[in-house]
Amino acid sequence: MWPAGNSHYREKRVTAEILDGRAMGAEIKVELRDEVRKYVQEQGRSPGLAIVRVGGDAASGMYSKAILRVAEVVGVRARLEELPEQTPADELRAILQHLNADEATQGILVQMPLPAHLSQKMVADTVTPAKDIDGISPRSAGDLFLGLPSFLPSTAAAVMEMLGRTSTPLAGKRVVILGRSNVVGKPLSMMLLQKNATVTICHSRTVHLADFTRQGDVLVSAAGRANLITADMVRPGAVVIDVGINALPGGGIVGDVDFASVREVAGALTPTPGGVGPLTNVLLLKQCLQAAWREIENSPSHL
Ligand code: NAD
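Residues numbered from 1 in each chain as written. Predicted model: local features only at pLDDT ≥ 70, side-chain atom pairs only at ≥ 80, totals over all residues. Heavy atoms only, no water.

Caption draft 1: Inspection of the packing of helix 1 (residues 21–43) against helix 6 (residues 154–165) at higher detail. Remark: helix 1 packs on helix 6, axes separated minimally by 11 Å, with the N-to-C direction vectors making an angle of 95°. As the angle between them shows, helix 1 and helix 6 are arranged roughly perpendicular. Every residue of helix 6 that contacts helix 1 at G21, M24, E27, I28 and E31 is listed here: E161, M162 and R165. Across the contact of helix 1 with helix 6, the residue classes break down as three nonpolar, one polar and four charged. (Axes fitted to C-alpha atoms, helices over the stretch in contact; angles between N-to-C directions. Helix = DSSP H or I, 4+ residues; strand = E, 2+ residues; numbered from the N terminus. Parallel < 35°, antiparallel > 145°, perpendicular 65-115°, else oblique. Contact = heavy atoms within 4.5 Å. Nonpolar A, V, L, I, M, F, W, Y, C, P; charged D, E, K, R; others polar.)

Okay, here's the thing in structure tokens:
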């Protein structure tokens, strides 16, 4: 295994060290609260976040509440707009356009999944890139692709934050990602390339998956398949980041990684829950603060 970077985050287990996302999330919250305080002192108001949720998806409801809780802790003024399942596309577009122009809103988050009659593309095209704090717009994705500063999808950003906080070296390392979604696998691959990692993306059509996963100095699984990654698929000493969240039929959640067996092989491993998840919300709010500062920098009086 590589030398431990910041042992504060690592709790010794049988073999793998456990990467404690809750401890990291708590630390970032404290830093962010101080940064928000500085913004409030200078600007005389808090950054504003609007969360838009259409329909009654249970997971997105829990996620919205979790964001509201973190926002309160760090001092971001967040509000949740809950719209009925049948909301027409034109109405949603008009609400987003209103938020785009709203001076009290610096960040906009539209919760996924949307009801079937609403298009994710319409939402991504409508949210103004300046307030697109979860990096869903074509502009944000394009900037990331080009290596320019951009808002990042918060889950992918959380993986990078975790690797950074544990001082996991990336330059020249082989990183294998499972999953090619627009919110995790694809943006994460771009962020890792920027750090000079050698990146492989595997997906549902990859054949001989284990041949790839075994090559990873870092293995990130975002497939959403319980127990997909077993010990024999992991390179000894690898850093394993489990993004997957899978509900068990009898209740409870697990990741994609068979935690009990992989901890005997990996050098470091995230638990589920308590891994990447706790970093996601706090990074979203961090990007809301960034959006608020950018708004000031780009305002005519500042130019
Ligand atoms: P998605 O369904 O959009 O994408 C899943 C990806 O996994 C696809 O690209 C697919 O090709 C790939 N895949 C499926 N089966 C595979 C297999 N057997 N082998 C290799 N690849 C396979 O999902 P998503 O939105 O990217 O989310 C992925 C997982 O991460 C889900 O479990 C989701 O719940 C979880 N998630 C967690 C957080 C968090 O904060 N921790 C946030 C977002 C998503």
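Caption draft 2: How the structure looks around the nonpolar core. Grouped together as the largest cluster of nonpolar side chains are 50 residues, with contacts concentrated most on L49, L192, I241 and L285. Element by element, the count of residues in this core is highest for helix 10 (residues 277–297), at ten residues. Not counting the four nearest positions on each side in its chain, L49 is found in contact with I67, V76, R77, A78, R79, G107, I108, L109, I133, L285 and C288. (Core = buried A, V, L, I, M, F, W, Y, C linked by side-chain atoms within 4.5 Å. Buried < 20%, exposed > 50% of the residue type's maximum accessible area, 1.4 Å probe, protein only.)

Caption draft 3: Just the site of the ligand, in detail. In the neighbourhood of the ligand, 19 residues make up the surrounding shell, with T155, R180, S181, S204 and I245 lying closest. In this structure, S204 approaches the ligand through a main-chain N or O atom, which is 3.0 Å from an oxygen atom. I245 is positioned with one of its backbone polar atoms (N or O) 3.0 Å from an oxygen atom of the ligand. Within the complex, the protein chains bury 71% of what would otherwise be the 860 Å² of accessible surface of the ligand. Broken down by class, the residue content of the shell around the ligand amounts to eight nonpolar, nine polar and two charged. (Near = heavy atom within 4 Å. Polar contact = N/O pair within 3.5 Å; in protein donor to acceptor, adjacent residues only side chain to side chain. Areas by Shrake-Rupley, 256 points an atom, 1.4 Å probe, with all protein chains shown as cover.)

Caption draft 4: The sheet that holds strand 3 (residues 48–54), seen in detail. Taken together, three strands build an open sheet; the order of strands is 4-3-5 and the sheet is parallel. The sheet terminates laterally at strand 4 (77–83) and strand 5 (107–110), the two strands that pair on one side only. Between one strand axis and the next, the sheet turns through 15° on average, direction left out of account. Sheet topology note: the strand 3/strand 4 ladder contains seven bridges and is parallel. Bridging across to strand 4, A50 finds its partner in R79. (Pairing = 2+ DSSP bridges.)

Caption draft 5: Spotlight on a nonpolar patch on the surface. Nonpolar side chains collect at one region of the surface, where F145, L146 and L148 lie side by side and expose about 350 Å² of accessible area between them. On the secondary structure map, L146 appears in the loop between helix 5 (138–145) and helix 6. The exposure class assigned to L146 is exposed, which follows from its relative accessible area of 62%. (Patch = residues over 30% accessible without salt bridge, like charges linked within 9 Å, V, L, I, M, F, W, Y side chains within 5 Å. Salt bridge = Lys/Arg side-chain N within 4 Å of Asp/Glu carboxyl O.)

Caption draft 6: Inspection of the pairing of strand 7 (residues 198–202) at higher detail. Where strand 6 (residues 174–178) meets strand 7, five bridges bridge the pair, whose relative direction is parallel. Residue pairing in the sheet places R174 in a bridge with T198 of strand 7. Considered for its hand, the β-α-β crossover made up of strand 6, helix 7 (residues 185–194) and strand 7 is right-handed. (Right-handed = clockwise from strand over helix to strand, strands pointing away.)

Caption draft 7: Summary view of the packing of helix 6 against helix 10. Here helix 6 crosses helix 10 at 110°, and the two axes come no closer than 8 Å. In terms of orientation, helix 6 and helix 10 fall into the roughly perpendicular class. Counted together, S154, T155, A157, A158, E161 and M162 of helix 6 and L279, T280, L283 and L284 of helix 10 form the full contact between these two elements. Residues belonging to the contact of helix 6 with helix 10 are distributed by class as follows: six nonpolar, three polar and one charged.

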